[in-house]
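Working through the structure, step by step
Below are the chains, spelled out letter by letter.
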Amino acid sequence: MTFMNWSQHFVTGIDVVDRQHRGLVELINDVAPLLSSGEPVAGERARTLLDRLSEYGLTHFRDEEEVMLAAGIDPADFDHHVRSHQGFVEEVVLMRRQLAADGQCNGHDLLRFLASWLTFHILVEDQLMARQLRLIAAGHAAGEAAVLARGAREDSAHGVLTDALVDLFAVVSRRNRALLHSNEQLRTVQATLAELNASLERQVAERIRELAGINVELLHEQGQLHKALEDIERTQGRLLQSEKMAAVGQLAAGVAHEINNPIGFVSSNLGSLKTYISSLLAAIDATTREVSALAADHPARIGVERAWQAAELGFLREDIPALIGESADGLARVRKIVADLKDFSHGEAAEWQDADLNQGLESTLNIVWNELKYKARVVRDLGELPVVRCIPAQLNQVFMNLLVNAGQAIDSAGTITLRSGHDGRQVWIEVEDNGSGMSPLVQARIFEHFFTTRPVGKGTGLGLAISWEIVQRHKGTIDVDSEPGRGTRFRVRLPVAGPRHHQDAAS
C-alpha cells in the first residue's frame, strides 16, 4: 500500500535533506497499512514506530540545521526553522505520553500528523530554506536572500493559500496539545473519583448491613439516592454541553481570525485589479482613436485590429467586470460567514444585554446552513421585533438546536419555515419543518436529558433538554406541535424585559 508518492515538488536540491525526506516518505508508506487499519497501535509496535520517528528527527534536524548554519542563513529564519523542528519533537513526546497513559496510540491521528508535517514542512519551510540557500550561493547577503525568497512565494496565490493553511494547521496543533493536557487532567480526576466511589460503595455496604431489617427506610434512602444520581447526570450533561459549546466557540473564533487575513488582501487586490483594468481599457480606447485615424490598408492598423480580434477585446470588456463583480460578491459572502462565526463565539455575549433575536436567528442559520442546504428550503416570515433583554449566546444555542433538529427530521427534501412576532410584552420565534414528525409518546419525552430517537452514537439527547433549561432561565416557554408524517413546529416565547432579577434567572 502506497500512502504518499514522492513528488518533484518535494525536491529542495540539497542532497542530504532530500535523501532524508525520501526516508520519511518511505517510513510513512511502510507504516501506513498499520496506521490506517482503524485499530489502535499498541505495545511494542507503537514504541518501535515512535523510536523510528525520534531517530529520524534527531538525525534529520541536526543535518538540516548544520547546512543552514554553514551557508550563513538569516538568523531569524534559522530560529523559525529550529522552532518548527522542536514542534515535531514535542508532538512525538506527546504521543509517547499518550502511549504511556493509555497503552496505545490513535493510528489515524498519527498518520494524519505525519502526512501533514511532511506536506507543510517540505512544501513550505524547507522550500523557503532552499531558495534562501541558492540566493546566498549566488552572492546575495543573508537578509537580502530572506526577503527575495519570501517574496517569490508570496507573489503567487498558492503562497497565500499555503500561508493560511499553515496558520490553520498551527491552530489545530495547539488545540490538540491543549486537548491532550485536558485528557491528562481528566484521567487524574477520574482516578480520584474512582477512589471516592470505592469509598462510597464501602460506606453504602456498611449502611445496608445496618439497615437490613428496616426495608421501608432502605427503600426511601434508595429513592433519594436515585434522585441524586439523576441530578448528577443532568449536571454532567449541562457541563458537557457547556464545555463543548465553549470549545466550538474558541475554535470558530480562531478560524475566523485566520481567514480574515487572506480575505483582506485578496479583497484589496481585487480593488486594485479593477482599477488597473479600467486604466488598461482606457489606454486601449485612446489607442483605438489613433488606429482609426490610419488608412484602412495601413499595416499597423491591420496588425492592431487583428490582435484585438484574436484577443476578443469586446468580450473581455464585458466579461472582466462581471468576473471581478462575482469575485467581490463571493468575498462578501465569506466575510458574512466569518462575521457570523465571530458573533456566535463572542465572549461578551454571555452577559445579559439587549439583543435583536431576528439577527441572532439569521446568524445561527448561517452557521448551520451547511447542514441544511442540501435537503431543506428555508422560508422566512420574520416580523419586526423589539430588542429583548437576554443572554444572546444561550438563545443562539437554542436556535441552533431547533434548526439542526428540523434538518434531521427531513429525509431528502423539505421546507423549514422561520417565523417571529410579538404581542407587546412577549416575543415569539417559531421553527417549523415538514419532516417526519413525532408521535405523542415521543413528544412527551423530548425535553428529558439523554432521551434521543437517533441511533446509538448519533445523538446525546441533550440538545432539547438544554434548550428547555435556557428558555426557563429566561422565564419563557417552549411549546411543540407535531404529528407523524406532517412535521413539527417549535415555538419559543420570551418576555421582552427579561427576568425581573437576572441573578435569580442565572441561578
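Cut-off values and rules
Residues numbered from 1 in each chain as written. Predicted model: local features only at pLDDT ≥ 70, side-chain atom pairs only at ≥ 80, totals over all residues. Heavy atoms only, no water. Helix = DSSP H or I, 4+ residues; strand = E, 2+ residues; numbered from the N terminus. Buried < 20%, exposed > 50% of the residue type's maximum accessible area, 1.4 Å probe, protein only. Contact = heavy atoms within 4.5 Å. Areas by Shrake-Rupley, 256 points an atom, 1.4 Å probe, with all protein chains shown as cover. Salt bridge = Lys/Arg side-chain N within 4 Å of Asp/Glu carboxyl O. Core = buried A, V, L, I, M, F, W, Y, C linked by side-chain atoms within 4.5 Å. 1 Å grid on protein atoms, 1.4 Å probe; cavity = no way out; pocket = protein on both sides within 12 Å on 5 of 7 lines; lining within 4 Å. Points joined across faces, edges and corners; volume = space filled by probe spheres on them. Nonpolar A, V, L, I, M, F, W, Y, C, P; charged D, E, K, R; others polar. pLDDT = per-residue confidence, 0-100. Pairing = 2+ DSSP bridges. Phe/Tyr/Trp six-rings, centres within 6.5 Å; stacked < 30°, edge-to-face > 60°. Lys NZ or Arg CZ within 6 Å of the ring centre and 35° of its normal. Axes fitted to C-alpha atoms, helices over the stretch in contact; angles between N-to-C directions. Parallel < 35°, antiparallel > 145°, perpendicular 65-115°, else oblique. Left-handed = near helix turned anticlockwise from the far one by under 90°. Patch = residues over 30% accessible without salt bridge, like charges linked within 9 Å, V, L, I, M, F, W, Y side chains within 5 Å.

1. Quick notes on the overall build of the protein
Scanning the protein from terminus to terminus reveals 14 helices and nine strands. Relative to its 507 residues, the protein shows a buried fraction of 35%. Within the protein, counting contacts between residues at least 6 apart in sequence, those at least 24 apart form 73% of the total. Accessible surface, the protein: about 29,100 Å² in total, of which carbon and sulfur atoms supply 55%.

2. What to know about the pattern of salt bridges
Throughout the structure, instances matching the rule amount to 14 salt bridges. Arginine 150 is the salt-bridge partner of aspartate 77, the closest N and O atoms lying 2.6 Å from each other. In this pair, aspartate 77 sits in helix H3 (residues 75-102) while arginine 150 sits in helix H5 (residues 142-154), placing the two residues 73 residues apart along the sequence. On the basis of relative accessibility, which here comes to 13%, the residue aspartate 77 falls in the buried class. The salt bridge partner of arginine 419 is glutamate 432, with a shortest N-O separation of 2.6 Å. Within this pair, whereas arginine 419 is found in strand S6 (residues 414-422), its partner glutamate 432 is found in strand S7 (residues 426-433), the two being separated by 13 residues in sequence. Each of Arg419, Glu430, Glu432, Asp481, Glu483, Arg486, Arg489 and Arg491 takes part in salt bridges that share partners, so that together they form one network.

3. Considering the nonpolar core
Within the largest apolar cluster, 35 residues are counted, with the highest numbers of intra-cluster contacts made by Leu357, Leu402, Ile416 and Leu418. Taken together, the elements giving at least two residues each to this core come down to helix H10 (357-372), strand S4 (376-382), strand S5 (388-390), helix H11 (392-409), S6, S7, helix H13 (463-473) and strand S9 (487-495).

4. Points about the environment of alanine 497
Of note, alanine 497 is situated in the loop between S9 and helix H14 (502-506). Note on alanine 497: relative accessible area 62%, which makes it exposed. Separated by 110 residues in sequence, alanine 497 and valine 387 place their C-alpha atoms 8.7 Å apart.

5. Some remarks on empty space enclosed by the protein
Within this structure, the stated rule accounts for one cavity of 30 Å³ or more. Considering only enclosed or pocket space, the largest cavity measures out at about 50 Å³ in volume. Lining the largest cavity we find Met68, Ile73, Asp77, His80, His81, Glu125, Leu128, Met129 and Gln132. Counting only elements with at least two residues in the lining of the largest cavity, the list comes to H3 and helix H4 (107-137). When residues in the lining of the largest cavity are grouped by element, the largest group, four residues, is from H4. Looking at the lining of the largest cavity, its residues break down into four nonpolar, three polar and two charged.

6. Re the confidence of the model for the protein
With 79% of its residues at a pLDDT of 70 or more, the protein shows a mean pLDDT of 78. Across residues 154-158 the pLDDT falls below 50, and counting only partners more than four positions away or on other chains, this stretch makes one contact in the model. Segment residues 503-507 is flagged for pLDDT under 50; beyond a separation of four residues in sequence, or across chains, it makes four contacts in the model.

7. Details of unusual backbone geometry
If a residue is not glycine, its phi is most likely negative; likewise, a peptide bond is most likely trans. A positive phi angle, near 60°, is found at lysine 475, a position not held by glycine. Assignment of secondary structure puts lysine 475 in the loop between H13 and strand S8 (477-483). We classify lysine 475 as exposed; its relative accessible area is 52%.

8. Points about the side chain of histidine 60
Inspection of the secondary structure puts histidine 60 in helix H2 (residues 43-71). Setting aside residues no more than four positions away along its own chain, histidine 60 makes contact with Val17, Gln20, His21 and Asp126.

9. A word on the pairing of S6
Within S6, seven of the nine residues are buried, which leaves it mostly tucked inside the rest of the structure. Direction of pairing for S4 relative to S6: parallel, over a ladder of seven bridges. Across the sheet, the residue bridging to valine 378 is isoleucine 416, located in S6. As paired elements, S6 and S7 share seven bridges and run antiparallel to each other. Among the inter-strand pairings, arginine 419 is bridged to a residue of S7, identified as glutamate 430. Hairpin connection, S6 to S7: the antiparallel pair is bridged by three residues, and glycine 424 has positive phi, about 100°.

10. Brief notes about the packing of aromatic side chains
All told, the structure shown has three aromatic pairs when counted by the stated rule. Taking the centre distance of 6.3 Å and the plane angle of 70° together, the rings of tyrosine 56 and phenylalanine 61 count as edge-to-face. Both residues of the pair, tyrosine 56 and phenylalanine 61, count as buried. Geometrically, the ring pair formed by tyrosine 56 and phenylalanine 88 is edge-to-face, given 6.2 Å between the ring centres and 65° between the ring planes. Separated by 32 residues along the polypeptide, tyrosine 56 in helix H2 and phenylalanine 88 in helix H3 bring together distant segments of the chain. Take tyrosine 56: its relative accessible area is 11%, and that puts it in the buried class. Lying across the ring of tryptophan 428, arginine 491 places its NZ or CZ 4.0 Å from the centre.

11. Section: the packing of helix H1 (residues 15-35) against H4
Describing two packed helices takes the angle between their axes plus the distance from one axis to the other. Across the interface, H1 lies against H4 with an axial gap of 10 Å and an inter-helix angle of 160°. Between H1 and H4, the angle falls in the class roughly antiparallel. The two elements H1 and H4 meet at a crossing, and its hand is left-handed. Residues Val17, His21, Leu24, Val25, Ile28, Ala32 and Leu35 of H1 form the contact with H4, whose participating residues are Gly107, His108, Leu110, Leu111, Leu114, Ala115, Trp117, Leu118, Ile122 and Asp126. Tallied by class, residues from the contact of H1 with H4 come to 13 nonpolar, three polar and one charged.

12. Observations regarding a nonpolar patch on the surface
There is a patch of nonpolar side chains on the surface, built from Leu200, Val204 and Ile208 and spanning about 230 Å² of accessible area. As for its position among the elements, valine 204 is in helix H6 (residues 157-210). On the basis of relative accessibility, which here comes to 35%, the residue valine 204 falls in the partly exposed class.

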